[in-house]
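Residue strings, one per chain:
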Amino acid sequence: MNCYLINLDRASERRAHMDAQFHRLGVQPIRVPAVDSAELSAAETAHWQSRSQIWKPLTPSQIACFLSHRKVWQLIVEAAEPWAFVCEDDIHLADDFADFVKTWSWCPHEAALIRAETDCLPGQFSFFHRSVFGHRLRRVKSSQLGSAGYFLSLEAAKRLLKFTENCCEPMDCLLFFDRGDKSQPVTAHQIDPALCVQDLRLDLHTRRGFPTQIEMTADMTDPVRPRFPAKIWREIHRPFAQATLLSKRAWLRLTLQSVFKIVPIDLP
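Being a predicted model, the structure only gives us computed values, none of them experimental.

> Can you break down the nonpolar core residue by residue, with the values?
Core analysis: the biggest nonpolar cluster contains 41 residues, and Trp73, Ile76, Leu113, Tyr150, Leu152 and Leu175 have the highest contact counts within it. Mapped onto this core, the elements with two or more residues apiece are strand S1 (2-7), helix H3 (60-79), strand S3 (83-87), strand S9 (149-153), helix H5 (154-163) and helix H6 (171-176). Element by element, the count of residues in this core is highest for H3, at eight residues.

What follows is the structure, encoded as structure tokens:
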């Protein structure tokens, strides 16, 4: 399975960080030069800003991140392999990550997008799961933060390329935001325990200290609200979800400590 690493040409420290991890795990990534927000023209920025319905206004860095992932999707289509792994350059990989990229035979037919990272926050996932290399594979049932590591099928890459011809959103919002209806371009699954975590999710004693390359503006609007039936179901389900938050927080902390040998930022 091809592993695509998105990395800015000027981000040499991040590149060294990822190269060391991939070398340790015996994985040879394909580096994809990231789109540099500093090189986007005003016309190109305006073009993609006008195609956002969820976040307004998109920052140049958010657009550059979007275009970088889109560049990888095109490479996946051109390679014509059933599955690929896509990652950004500020993640920490689990010791058994290589098991998942040696073959795509473990990827279920019903899956299109498989999220490999954790945002260190409680989430909602399907009760039923498939076991893969000692991990669980579950359907994602709630919005998730981050797009720093995920497996993508060939068909999903084609679908996302077509979907984003006239749509631009922050990448995690595009891939993992719960819209509450059928407008989601691909259905997401989650690997649990996760295979990677972004550096910024860790506490000050264990993170590498990579600065974020995505600016957040104060005048961003709230995401689009779910439609009425989905909102009713969400309110009915809310007490049950809240009842499990404490146990999920404990599980997330235990997972990060045992899998990545690191300590997460205190969970809310």
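> Kindly report on the sheet that holds strand S6 (residues 117-118), identifying the contributing residues and their values.
Strand pairing within a sheet occurs via backbone hydrogen bonds; the two strands may be parallel or antiparallel. The three strands lie next to each other as S4-S11-S6, forming an open sheet whose pairing is mixed. Where the open sheet ends on each side, the last strands, each with one partner, are strand S4 (91-93) and S6. The sheet contact formed by S6 and strand S11 (residues 196-198) spans two bridges and is parallel. Bridged to Thr118 within S11 is Val197.

> Kindly report on the state of the cysteines, identifying the contributing residues and their values.
This structure, assessed with the given rule, holds zero disulfides. Between Cys167, a free cysteine, and Cys168, which holds the nearest cysteine sulfur, the sulfur-to-sulfur gap is 7.2 Å. Taking relative accessible area as the criterion, Cys167 reaches 12% and is therefore assigned buried. You can call Cys168 buried: its relative accessible area is 0%.

> A description of the pairing of strand S2 (residues 30-33) should follow, citing residues and the corresponding values.
Where S1 lies against S2, four bridges are found, and the strand directions are parallel. In the strand pairing of S2, Asn7 is matched with Pro33. The handedness of the S1 to S2 crossover, carried by helix H1 (residues 12-25), is right-handed.

> Please set out the pattern of salt bridges residue by residue, giving values where relevant.
Taken as a whole and judged by the stated rule, the model has twelve salt bridges. Across the pair Asp9 and Arg31 runs a salt bridge, and its minimum N-O distance is 2.5 Å. A residue pair is termed long-range when its members are at least 10 positions apart, and Asp9 in the loop between S1 and H1 and Arg31 in strand S2 qualify at 22 residues. Taken together, the shared-partner salt bridges in this structure form one network comprising Arg14, Asp89 and Asp90.

> For the environment of Ala156, give the residues involved together with the corresponding values.
When you line up the elements, Ala156 lands in helix H5. In sequence terms Ala156 and Val77 are 79 residues apart; their C-alpha atoms lie 9.5 Å from each other. If we skip the residues at most four places from it in the chain, Ala156 touches Ala112 and Val186.

> Please set out the sheet that holds S3 residue by residue, giving values where relevant.
Spatial ordering of the open sheet is given by S2-S1-S3-S9-S5-S10-S8-S7, a layout of eight strands whose pairing is mixed. In this open sheet, the two edge strands, each paired with only one partner strand, are S2 and strand S7 (130-132). For this sheet, the mean inter-axis angle between neighbouring strands, taken without regard to orientation, is 30°. Pairing between strand S5 (residues 113-115) and S9: three bridges, direction antiparallel. Directly across from Arg115, in S9, lies its bridge partner Tyr150.

Cut-off values and rules
Numbering of residues starts from 1 in every chain and runs along the sequence as written. For a predicted model such as this one, the threshold for reporting local features is a pLDDT of at least 70, and the threshold for listing and counting side-chain atom pairs is 80 or more; totals across whole chains, interfaces and linings nevertheless cover every residue. Side-chain figures throughout are based on the complete set of non-hydrogen atoms in the structure, without hydrogens or water. What we call a nonpolar core is a set of buried Ala, Val, Leu, Ile, Met, Phe, Trp, Tyr and Cys residues that are connected through their side-chain atoms within 4.5 Å. To sort residues, take the accessible area from a 1.4 Å probe on protein chains only and compare it with the maximum for the residue type: under 20% means buried, over 50% means exposed, and anything in between is partly exposed. The helix and strand labels rest on DSSP assignments: H or I over at least four residues marks a helix, E over at least two residues marks a strand, and numbering proceeds from the N terminus. Note on pairing: DSSP must find at least two bridges between two strands before they are called paired. By disulfide we mean two sulfur atoms from cysteines, separated by a distance within 2.5 Å. By convention, a crossover is right-handed whenever its connection, traced from the first strand over the helix to the second and viewed with the strands pointing away, goes clockwise. Note on definitions: salt bridges are taken to be side-chain nitrogens of Lys or Arg within 4 Å of carboxyl oxygens of Asp or Glu. By the convention used here, residues are in contact when the closest approach between their heavy atoms is within 4.5 Å. Every axis in this analysis is a line fitted to C-alpha atoms, fitted for helices over the stretch in contact. Angles between the N-to-C directions lie between 0 and 180 degrees.

Nothing here speaks to function; it is geometry throughout.
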